[in-house]
Amino acid sequence: MVREFARKHGSALRGFAVVGGALATAAAVAVGAVLAVFFAATVVVIAVMASALLALAGLALRAKKARAQRDDGVIEARHLGGHHWVAYGWNERQGR
């Protein structure tokens, strides 16, 4: 009689297992939600930093163009190391 009851209704700890499974599922969902919010905030921070970087790069290019357009007789030169320099723009200014 006891064996037939156990065969029909399962173990006596089955209810605790169901409750434990439900609690574990709820905990996993909560941790997943917290991680989703954290990574979404991380993506937003990265996007803001990237847009700031692009804005600064645009301002730098605009400033370089403005500096290149001035006509005060100064040419641009780069120091390559030692006694080596490379000058830019000197050949366009010879015709004046």
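See the structure above.
In this report, the structure presented in the accompanying data block is examined. (Residues numbered from 1 in each chain as written. Predicted model: local features only at pLDDT ≥ 70, side-chain atom pairs only at ≥ 80, totals over all residues. Heavy atoms only, no water.)

In terms of helices and strands, the protein carries two helices and two strands. Going residue by residue from the N terminus, the α and β elements of the protein occur as α-α-β-β. For the protein, with 96 residues in total, the buried portion stands at 0%. As presented, the protein carries roughly 8800 Å² of accessible surface, and 70% of it is formed by carbon and sulfur atoms. (Helix = DSSP H or I, 4+ residues; strand = E, 2+ residues; numbered from the N terminus. Buried < 20%, exposed > 50% of the residue type's maximum accessible area, 1.4 Å probe, protein only. Areas by Shrake-Rupley, 256 points an atom, 1.4 Å probe, with all protein chains shown as cover.)

This part is about the pairing of strand β2 (residues 84–88). By the bridge criterion, five bridges tie strand β1 (residues 76–81) to β2 in an arrangement that is antiparallel. Residue R78 lies in a different strand from β2, and its bridge partner there is V86. Turn length for the β1-β2 hairpin, with the two strands adjacent in sequence and antiparallel, is two residues, and the turn residue G82 shows positive phi of about 65°. (Pairing = 2+ DSSP bridges.)

Our focus in this paragraph is a nonpolar patch on the surface. The grouping of V31, L35, F38 and F39 at the surface amounts to a nonpolar patch, some 410 Å² of accessible area in total. Summarising the element assignment, V31 is placed in helix α2 (residues 14–69). (Patch = residues over 30% accessible without salt bridge, like charges linked within 9 Å, V, L, I, M, F, W, Y side chains within 5 Å. Salt bridge = Lys/Arg side-chain N within 4 Å of Asp/Glu carboxyl O.)

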